[in-house]
Amino acid sequence: MGVRKRIFTLSAAIGAGIVTIAIGLILWSTTLSPASQAQTVGVEPAPIPLEQAASQAEDLSQDVYGGLDTTKKIIGKTEPRNQAIERGRDAASQKMEELSDRARQAEASGDDVLSATDKRVLKHISE
């Protein structure tokens, strides 16, 4: 066997080993350990106080504009930047208003109209 062939075989084996280790680490990090699975099995999540969370989301939709002038002064040195800052804050405000509306709808109808992300955000802002 030639030297080049040996080097190629050795480098291929090392590359395959690295790929195998990387895949193993990814799978290991994304699966729950038996201890954490035992903690989550049969545990009912605490109910979200939807009216309180909706009120908080509504307040946050207005709070997003706090410090707008300061931000524009420090970061938005050009008109396109200032417009981008305003559009970003408008979008954030709109998202929080929509979340507030969905929470109120879920509270009023008793339906599960909230996505998992909506529930996480509402839980977080109501704490």
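Preceding this section is the structure that the text describes.
Residues numbered from 1 in each chain as written. Predicted model: local features only at pLDDT ≥ 70, side-chain atom pairs only at ≥ 80, totals over all residues. Heavy atoms only, no water.

A. Fine view of the overall build of the protein. A tally of helices and strands in the protein yields six helices and zero strands. The order of α-helices and β-strands along the protein, N terminus first, is α-α-α-α-α-α. Within the protein, the proportion of its 127 residues that are buried is 19%. Restricting the contact set of the protein to residue pairs at least 6 apart, pairs at least 24 apart contribute 60%. Taken as a whole, the protein presents about 9600 Å² of accessible surface, with 61% of it coming from carbon and sulfur. (Helix = DSSP H or I, 4+ residues; strand = E, 2+ residues; numbered from the N terminus. Buried < 20%, exposed > 50% of the residue type's maximum accessible area, 1.4 Å probe, protein only. Contact = heavy atoms within 4.5 Å. Areas by Shrake-Rupley, 256 points an atom, 1.4 Å probe, with all protein chains shown as cover.)

B. Representation of the nonpolar core. In this structure, Leu50, Ala53, Ala54, Ala57, Met96, Leu99, Ala103, Ala106, Leu114, Leu122 and Ile125 together form the largest nonpolar core, which totals eleven residues. Listing elements by their share of this core, those giving two or more residues are α3 (50-63), α5 (79-109) and α6 (116-126). (Core = buried A, V, L, I, M, F, W, Y, C linked by side-chain atoms within 4.5 Å.)

C. Seen up close, the pattern of salt bridges. A full pass over the atoms with the stated rule returns four salt bridges. The closest approach of N and O atoms between lysine 72 and glutamate 86, which form a salt bridge, is 2.4 Å. Of this pair, lysine 72 sits in helix α4 (residues 68-74) while glutamate 86 sits in helix α5, and the two are 14 residues apart along the sequence. A residue is classified by how much of its surface remains accessible, and glutamate 86, at 31% relative accessible area, is partly exposed. For the salt bridge of arginine 102 with aspartate 118, the shortest nitrogen-to-oxygen distance reads 2.9 Å. (Salt bridge = Lys/Arg side-chain N within 4 Å of Asp/Glu carboxyl O.)

D. The arrangement of α6 in detail. The set of residues buried in α6 consists of Asp118, Leu122, Ile125 and Ser126. The buried residues of α6 occupy an angular sector of 95° when projected down its axis, which confines them to one face. Set apart from the buried face of α6 by more than 90 degrees, the exposed residues are Arg120 and His124. Elements that come into contact with the buried residues of α6 comprise α3 and α5. (Arc of directions from axis to C-beta.)

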